Amino acid sequence: MQKKIVLAGGTGFIGRYLQKAYGDLGYETIIISRRKEHIQWSNAAAITKALENAAVLINLAGKSVDCRYTQKNKALIFSSREETTRKLGEALLRCKQPPPVWINSSTATIYRNAEDRPMTEAEGEIGSGFSVEVGKAWEKSFFSFSLPATRQVALRIAIVLGKEGGALVPYTRLARFGLGGPQGNGREMFSWIHIKDMFGIVRFVETHPLEGIFNASSPTPVQNKEFMHTLRSQVHMPIGLPLPVSLLKVGAFIIGTSTELLLKSRWVIPEKLLAAGFKFEFPEIKDALADLIQK
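Residues numbered from 1 in each chain as written. Predicted model: local features only at pLDDT ≥ 70, side-chain atom pairs only at ≥ 80, totals over all residues. Heavy atoms only, no water.

Novice: Sorry, what's going on with the sheet that holds strand β3 (residues 56–59) here?
Specialist: In sheet architecture, strand pairing relies on hydrogen bonds along the backbone and comes in two forms, parallel and antiparallel. On the basis of which strands lie adjacent, the open sheet formed by six strands has the order β2-β1-β3-β4-β5-β9 and parallel pairing. At either end of the open sheet lies a strand with only one pairing partner, and these are β2 (28–32) and β9 (212–216). Pairwise comparison of adjacent strand axes, ignoring direction, gives a mean angle of 20 degrees for this sheet. Across three bridges, the pairing between β3 and strand β4 (residues 101–107) is parallel. Each residue of the ladder has a partner; that of Leu57, found in β4, is Trp102. Here helix α1 (residues 13–24) sits on the sheet and contacts β1 (4–8), β2 and β3; the angle it forms with β1, its principal contact strand, is near 175 degrees. Sheet contacts for helix α6 (residues 195–207): β3, β4, β5 (151–157) and β9; angle to β5, the most-contacted strand, approximately 160 degrees. (Pairing = 2+ DSSP bridges. Helix = DSSP H or I, 4+ residues; strand = E, 2+ residues; numbered from the N terminus. Axes fitted to C-alpha atoms, helices over the stretch in contact; angles between N-to-C directions. Contact = heavy atoms within 4.5 Å.)

Novice: Whenever I open this one, helix α3 (residues 71–94) confuses me. Can you help?
Specialist: Note that an α-helix has 3.6 residues per turn; residues three or four places apart therefore point the same way. Spanning 24 residues, α3 covers 35 Å between terminal C-alpha atoms, matching the ideal 34 Å at 1.5 Å per step. Here α3 has its buried residues at Asn73, Ile77, Ser80, Arg81, Thr84, Thr85, Leu88, Gly89, Ala91 and Leu92. Considering only its buried residues, α3 is in contact with β1, β2, α2 (44–51), β3, β4 and α4 (130–143). (Expected span 1.5 Å × (residues − 1). Buried < 20%, exposed > 50% of the residue type's maximum accessible area, 1.4 Å probe, protein only.)

Novice: I tried to follow the environment of Ile47 on my own but got confused; where do I start?
Specialist: Tracing the sequence through the fold places Ile47 in helix α2. With relative accessibility at 1%, the residue Ile47 sits in the buried group. With 15 residues separating them along the chain, Ile47 and Ile32 place their C-alpha atoms 7.5 Å apart. Those residues within four positions of Ile47 in sequence are excluded, and the remaining contacts are Ile32, Ile39, Gln40, Trp41, Leu88 and Ala91.

Novice: Just to check I follow, could you spell out the packing of α3 against α4 for this structure?
Specialist: If you want to describe how two helices pack, look at the angle between their axes and the distance between the axes. It is at 8 Å that the axes of α3 and α4 come closest, and there the two elements cross at 15 degrees. The orientation of α3 with respect to α4, classified from their angle, is roughly parallel. Considering only the axes of α3 and α4, their crossing is right-handed. Mapping the contact onto sequence places Lys74, Ile77, Phe78, Arg81, Glu82, Thr85 and Arg86 in α3 and Phe130, Glu133, Val134, Ala137, Trp138, Ser141 and Phe142 in α4. Looking at side-chain class alone, the contact of α3 with α4 contains seven nonpolar, two polar and five charged residues. (Parallel < 35°, antiparallel > 145°, perpendicular 65-115°, else oblique. Left-handed = near helix turned anticlockwise from the far one by under 90°. Nonpolar A, V, L, I, M, F, W, Y, C, P; charged D, E, K, R; others polar.)

Novice: So what exactly am I meant to see when it comes to α4 here?
Specialist: The terminal C-alpha atoms of α4 lie 20 Å apart, and with 14 residues this matches the ideal 20 Å at 1.5 Å per residue to within 8%. Within α4, 10 of the 14 residues are buried, which leaves the element mostly enclosed by the surrounding structure.

Novice: I tried to follow the nonpolar core on my own but got confused; where do I start?
Specialist: The nonpolar side chains of a soluble globular protein tend to be buried with one another. Ile58, Leu155, Met198 and Ile201 are the most contacted members of the largest nonpolar core, which totals 33 residues. Secondary structure elements with two or more residues in this core: β1, α1, β3, β4, β5, α6 and β9. At seven residues, α6 tops the list of elements feeding residues into this core. If sequence neighbours within four positions are ignored, Met198 has contacts with Ile14, Leu155, Ile157, Val160, Ile193 and Ala216. (Core = buried A, V, L, I, M, F, W, Y, C linked by side-chain atoms within 4.5 Å.)

Novice: Can you walk me through a nonpolar patch on the surface in this structure?
Specialist: Together, Phe177, Leu179, Ile239 and Leu241 make up an exposed nonpolar region whose accessible area comes to about 410 Å². Inspection of the secondary structure puts Phe177 in the loop between α5 (168–176) and β7 (189–190). Residue classification places Phe177 among the exposed positions, given a relative accessible area of 65%. (Patch = residues over 30% accessible without salt bridge, like charges linked within 9 Å, V, L, I, M, F, W, Y side chains within 5 Å. Areas by Shrake-Rupley, 256 points an atom, 1.4 Å probe, with all protein chains shown as cover. Salt bridge = Lys/Arg side-chain N within 4 Å of Asp/Glu carboxyl O.)

Novice: What should I look at first to understand the packing of aromatic side chains in this one?
Specialist: Between two aromatic rings, the relevant description is the distance of the centres plus the angle of the planes. The tally for this structure, following the rule as stated, stands at 11 aromatic pairs. When the centroid spacing of 5.2 Å and the interplanar angle of 80 degrees are considered together, the rings of Tyr171 and Phe227 count as edge-to-face. Of this pair, Tyr171 sits in helix α5 while Phe227 sits in helix α7 (residues 224–234), and the two are 56 residues apart along the sequence. Here Tyr171 falls in the buried class, since its relative accessible area comes to 6%. The exposure class of Phe227 is buried, given its relative accessible area of 0%. Every member of this aromatic cluster is reached through a ring pair, and the members are Trp102, Phe142, Phe143 and Phe145. In this arrangement the basic side chain of Arg81 is found over the ring face of Trp138, its NZ or CZ atom lying 4.8 Å from the centre. The ring centre of Phe214 lies 4.3 Å from the NZ or CZ of Lys272, which sits over that ring. (Phe/Tyr/Trp six-rings, centres within 6.5 Å; stacked < 30°, edge-to-face > 60°. Lys NZ or Arg CZ within 6 Å of the ring centre and 35° of its normal.)

Laid out in structure tokens, this is it:
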């Protein structure tokens, strides 16, 4: 019988990559989403059937935080994570042969703004603010389930860098147009992960007896100014005009997003993954960008 994975919220940038990568390994991928061609969130019976005998459940579902933080959007960001996680947990409890592991997305933004020291799973300090509350609620919903036959792993994911979407696309555009200078004070830590290593972590968790919370990020985060300098060198743009906070706020308002996504200092280290023996293919930002930037 062909192995299958169930990918909840698999229509975004990361989900599309995981679907292809698992397909290349010979897996069947079943997607749960709001789209008509997939299993609908309202169809509890179909969700349960899909989960029976699956190799792994991966949940990425949730409204993007890359939007203006209106009260309506805030409510949707919370509900889209809590409700989908609850529906998956309830479906797993109905399964006769549930998948042995449930991997749930979380966010590295759950940690406080950090320019003084790195945040690990054991020593990291939870921050405050809207995005932190989202992460806390998401993890609380996930770990509220007691599943005797299914391991539960929450991945606090840093900024994922890939060719087909995500943060690298607008960053590269800025660099090519000569606007790839430091953002804010430039000292904000930039925690990131190559999309190939993101998939590698998912596979590692699937095949190793891990449980609990893990930081999904490169072991070598860099300051914003170093990231932008490395990016400029990859696109062969010698000029990089800085973007001060005042200008970033105006730009964020125009494109309908929050400056928190750009200005928060995320200094996250994957201590538990490293201790478990995970090897990163792209631990350094220079190598990651050299692999990803379209020449």
